[in-house]
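Here are the chains, one letter per residue:
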Amino acid sequence: KVELIGQVDMLHDKSSSYDFFSITKDLEPPGSLFESKQYKWKFGAVDFSNETYSGMNVRLRYFVRLVVIRGYSSNVTKEIDMVVQNLYPAPELNSSLKMEVGIDECLHIEFEYDKSKYHMKDVVVGKVYFLLVRIKIKHMELNIVRRELAGSSGAQQTTDNETLTKFEIMDGAPVKDQCV
């Protein structure tokens, strides 16, 4: 038999594997096979709504599993992974993003980015406004962080942050009303 399977694996807990999608086709009725044989098979229109993902805690994968069931010995199983990537058009509404952060009566900074959603090949363009500066700042850097949340909410949920890259955007102390 041949199976097309979509599966979510929690990598820190091998027992919590979940098959969210499965199609099975029998290639041959039970009997004896005495020679090499080739089979043609096809799964019809399949909805791959989830993309393949491989993170630090969780993996979503699609694979084809071929199983030869033998009555006299253990079964022969072969799995072949496949990658699913869904292509979506760019968002039509992609407004700018502004946020203010600070420490009461010490530091007030406003960040402004030209877009709120970025493609992996985009260039991040933005401005940093120093509205109030009463502490010494040595440097400032921009970190691109991938955050992965896995598991159900509560005690079972794990969160991992991975810094993908860092950019130093300022070296030295800023003054009030400076824009970087």
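Attention in this report is confined to the structure presented alongside it.

Cut-off values and rules
Residues numbered from 1 in each chain as written. Predicted model: local features only at pLDDT ≥ 70, side-chain atom pairs only at ≥ 80, totals over all residues. Heavy atoms only, no water. Helix = DSSP H or I, 4+ residues; strand = E, 2+ residues; numbered from the N terminus. Rg over C-alpha atoms; globule rule 2.2 N^0.38 Å. Salt bridge = Lys/Arg side-chain N within 4 Å of Asp/Glu carboxyl O. Buried < 20%, exposed > 50% of the residue type's maximum accessible area, 1.4 Å probe, protein only. Patch = residues over 30% accessible without salt bridge, like charges linked within 9 Å, V, L, I, M, F, W, Y side chains within 5 Å. Areas by Shrake-Rupley, 256 points an atom, 1.4 Å probe, with all protein chains shown as cover. Phe/Tyr/Trp six-rings, centres within 6.5 Å; stacked < 30°, edge-to-face > 60°. Pairing = 2+ DSSP bridges. Axes fitted to C-alpha atoms, helices over the stretch in contact; angles between N-to-C directions. 1 Å grid on protein atoms, 1.4 Å probe; cavity = no way out; pocket = protein on both sides within 12 Å on 5 of 7 lines; lining within 4 Å. Points joined across faces, edges and corners; volume = space filled by probe spheres on them. Nonpolar A, V, L, I, M, F, W, Y, C, P; charged D, E, K, R; others polar.

Details of the overall build of the chain
Piece 1. Each helix and strand in the chain was counted, giving 0 helices and 10 strands.
Piece 2. Along the chain, helices (α) and strands (β) appear in the sequence β-β-β-β-β-β-β-β-β-β when read from the amino end.
Piece 3. Over its C-alpha trace the chain gives a radius of gyration of 26 Å, far above what one expects of a compact globule, namely 16 Å for 180 residues.
Piece 4. Projecting the C-alpha coordinates of the chain onto the three principal axes gives extents of approximately 85 × 35 × 25 Å.

Some points on the pattern of salt bridges
Piece 1. Under the defined criterion, the tally for this structure stands at 10 salt bridges.
Piece 2. Across the pair Glu-3 and Arg-65 runs a salt bridge whose closest N-O atoms are separated by 3.4 Å. Separated by 62 residues along the polypeptide, Glu-3 in strand β1 (residues 2-10) and Arg-65 in strand β4 (residues 58-68) bring together distant segments of the chain. The pair formed by Glu-3 and Arg-65 is uniform in burial state, with each residue classed as buried.
Piece 3. Note that Asp-81 and Arg-61 form a salt bridge whose closest N and O atoms lie 2.9 Å from each other. Linking Asp-81 in strand β5 (residues 76-82) with Arg-61 in strand β4, this pair joins segments that are 20 residues apart in sequence.

Quick word on a nonpolar patch on the surface
Piece 1. Together, Tyr-118, Val-124, Ile-144, Leu-164, Phe-167, Ile-169 and Val-180 make up a nonpolar patch on the protein surface, roughly 530 Å² of accessible area in all.
Piece 2. Here the element with the most residues in the nonpolar patch is strand β10 (residues 158-171); it accounts for 3 residues.
Piece 3. Judged by its relative accessible area of 45%, Leu-164 is partly exposed.

Quick notes on the packing of aromatic side chains
Piece 1. The full count for this structure, using the stated rule, is 5 aromatic pairs.
Piece 2. When the centroid spacing of 6.4 Å and the interplanar angle of 75° are considered together, the rings of Phe-21 and Tyr-62 count as edge-to-face. In this pair, Phe-21 is assigned in strand β2 (residues 17-25) and Tyr-62 in strand β4, connecting sequence segments 41 residues apart.
Piece 3. Taking relative accessible area as the criterion, Phe-21 reaches 19% and is therefore assigned buried.

Overview of the sheet that holds strand β6 (residues 97-103)
Piece 1. With antiparallel pairing, the 3 strands of this open sheet are ordered in space as β6-β7-β8. The open sheet is flanked by β6 and β8 (126-133), the only strands paired with a single partner. The mean inter-strand angle of the sheet, taken between neighbouring strand axes irrespective of direction, is 15°.
Piece 2. Examined bridge by bridge, strand β7 (residues 107-113) and β8 share 7 bridges and lie antiparallel to one another. For Glu-110, the partnering residue across the bridge sits in β8 and is Tyr-129.

Quick notes on the layout of surface pockets
Piece 1. Quantified by volume, the largest pocket comes out at close to 1,500 Å³.
Piece 2. Lining the largest pocket are 43 residues; nearest its centre among them are Tyr-118, His-119, Met-120, Val-124 and Ile-144.
Piece 3. At the level of secondary structure, the elements contributing two or more residues to the lining of the largest pocket comprise β6, β7, β8, β9 (139-150) and β10.
Piece 4. Among the elements that line the lining of the largest pocket, the one with the most residues is β9, at 7 residues.
Piece 5. Residues that form the lining of the largest pocket fall into these classes: 26 nonpolar, 10 polar and 7 charged.
Piece 6. Quantified by volume, the second largest pocket comes out at close to 680 Å³.
Piece 7. Lining the second largest pocket are 19 residues, and of these Glu-28, Leu-33, Tyr-39, Val-68 and Ile-69 sit closest to its centre.
Piece 8. Among the residues forming the lining of the second largest pocket, the class breakdown is 11 nonpolar, 3 polar and 5 charged.

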